Amino acid sequence: MFDHQRPVTIKTGYIKKERLNVEYPIVEELANKEAQEYINAVIYNIVNTEIVNTGYYDSPRTEVTGKYKIRTNENGILSISIEIYWFAGGAHGMTVLRSVTFDVNTGRIYRLEDLFKPNSDYVKRLSDIIKRQIKEKDIPLIVDFTSIDPDQDYYIESQTLMVYFQLYELAPYVYGFVTFPIPYREIADIVRKDGPLGILRRPL
């Protein structure tokens, strides 16, 4: 049912107040209106939660901006990221990156574990790949990296799993959101064929 499915329609929503200017995606024209309502509610909740977390409503000095990026929009899979930046004085501001991947037909949210076959030990497989990439890229860590979290932040872009870390979570601020592209060929044997990576890799 997913093959050749057209991209979903997305428009930009705005939350604008004094010292606050955030853009976020709104999904439109889905056949399943309940799924559409749920997806949009989830996105708005992510945005609003992160605005609250910046301290915007508590401090008259805090300035907040936000933008989003559509990472995947094909074959019934929608993967988006939302970046919220705030500045409350000091040397520099702070940014948080949130992402979510949906089945637009049902509204289902795919957690990282949902991309892989049950009992596949995807955590170890991905962690080993990331360890290798850290060495290859010579990334200076501020903490020892041993393993990703089972629900580690990710999005899907160009049919590739992109695992990322928040600012200061792994490397110095200057390195931004340290992101590791996980080649499909290295995880193909544990990918769920009915999960987003499997669906996106289906031949047309």
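The coordinates are above.
Residues numbered from 1 in each chain as written. Predicted model: local features only at pLDDT ≥ 70, side-chain atom pairs only at ≥ 80, totals over all residues. Heavy atoms only, no water.

Participant: Lay out the overall build of the chain in plain terms, naming residues and giving numbers.
Facilitator: From N to C terminus, the chain includes 4 helices and 8 strands. Reading the secondary structure of the chain in the N-to-C direction produces β-β-α-β-β-β-α-β-β-β-α-α. Here the C-alpha atoms of the chain give a radius of gyration of 18 Å, agreeing with the 17 Å that 2.2 N^0.38 yields for 204 residues. Each of the three principal axes of the chain carries a C-alpha extent, and together these read 50 × 45 × 25 Å. Residue burial in the chain is summarised as follows: out of 204 residues, 47% are buried. When the accessible surface of the chain is totalled, it reaches about 10,800 Å², and 48% of it is carbon and sulfur. Averaged over its 25 positive side-chain charges, the chain has a centre that lies 3 Å from the centre of its 28 negative ones. (Helix = DSSP H or I, 4+ residues; strand = E, 2+ residues; numbered from the N terminus. Rg over C-alpha atoms; globule rule 2.2 N^0.38 Å. Buried < 20%, exposed > 50% of the residue type's maximum accessible area, 1.4 Å probe, protein only. Areas by Shrake-Rupley, 256 points an atom, 1.4 Å probe, with all protein chains shown as cover. Lys, Arg positive; Asp, Glu negative; His and termini not counted. Charge placed at Lys NZ, Arg CZ, Asp CG, Glu CD.)

Participant: Would you mind going over the sheet that holds strand β5 (residues 94-103) in detail, with residue names and values included?
Facilitator: In space, the 5 strands of this open sheet follow the order β1-β2-β3-β4-β5, with mixed pairing throughout. Edge strands, defined here as strands with exactly one partner in the open sheet, are β1 (9-17) and β5. For this sheet the average axis-to-axis angle between neighbouring strands, irrespective of direction, equals 20°. By the bridge criterion, 3 bridges tie strand β2 (residues 20-28) to strand β3 (residues 63-74) in an arrangement that is parallel. The partner of Asn21 across the bridge, within β3, is Thr65. (Pairing = 2+ DSSP bridges. Axes fitted to C-alpha atoms, helices over the stretch in contact; angles between N-to-C directions.)

Participant: Tell me about the pairing of β1, residues and numbers included.
Facilitator: Note that β1 and β2 share 9 bridges and pair antiparallel. Looking across to β2, one finds that Thr12 is bridged to Pro25. As consecutive antiparallel partners, β1 and β2 are separated by 2 residues, and within that stretch Arg19 has a phi angle of approximately 65°, a positive value.

Participant: Let's hear about the packing of aromatic side chains: which residues, and what values?
Facilitator: All chains considered together, the criterion is met by 7 aromatic pairs. Relative to Tyr57, the ring of Tyr56 has its centre 4.9 Å away and its plane inclined at 80°; by these criteria the two rings are edge-to-face. Classification of Tyr57 as partly exposed rests on a relative accessible area of 42%. When the ring of Tyr155 is compared with that of Tyr164, the centres are 5.6 Å apart and the planes differ by 40°; the resulting orientation is tilted. The class of Tyr155 is buried, set by a relative accessible area of 5%. (Phe/Tyr/Trp six-rings, centres within 6.5 Å; stacked < 30°, edge-to-face > 60°.)

Participant: How would you sum up the sheet that holds strand β8 (residues 179-182)? Please name residues and give values.
Facilitator: Sheets are built from strands that pair by backbone hydrogen bonding, the pairs being arranged parallel or antiparallel. Read from one edge to the other, the open sheet built from 3 strands follows the order β6-β7-β8, with strand pairing classed as antiparallel. Where the open sheet ends on each side, the last strands, each with one partner, are β6 (154-157) and β8. Going from strand to strand, the sheet's axes swing by 30° on average, the running direction of each strand aside. Direction of pairing for β6 relative to strand β7 (residues 160-164): antiparallel, over a ladder of 4 bridges. Note that in β7 the partner of Tyr154 across the bridge is Val163. Where helix α2 (residues 122-137) meets the sheet, its contacts fall on β7 and β8, and the angle it forms with β8 comes to roughly 120°. (Contact = heavy atoms within 4.5 Å.)

Participant: Which residues make up the pattern of salt bridges, and what values do they have?
Facilitator: Inspection of the entire model under this criterion finds 11 salt bridges. Across the pair Arg98 and Glu50 runs a salt bridge, and its minimum N-O distance is 2.9 Å. Here Arg98 is found in strand β5, whereas its partner Glu50 is found in helix α1 (residues 33-53), with 48 residues between them in sequence. The salt bridge partner of Arg111 is Glu113, with a shortest N-O separation of 3.8 Å. Among the residues examined, Arg111 registers a relative accessible area of 48% and is labelled partly exposed. Counted as one network, the salt bridges with shared partners bring together Arg108, Arg111, Glu113 and Asp114. (Salt bridge = Lys/Arg side-chain N within 4 Å of Asp/Glu carboxyl O.)

Participant: Lay out the side chain of Thr72 in plain terms, naming residues and giving numbers.
Facilitator: Positionally, Thr72 belongs in strand β3. Only 2.5 Å separates the side chain of Thr72 from the backbone oxygen of Ile156, close enough to count as a polar contact. For Thr72, the contacting residues outside a window of four places in its chain are Ile77, Leu78, Ser79, Ile156, Glu157, Ser158 and Leu200. (Polar contact = N/O pair within 3.5 Å; in protein donor to acceptor, adjacent residues only side chain to side chain.)

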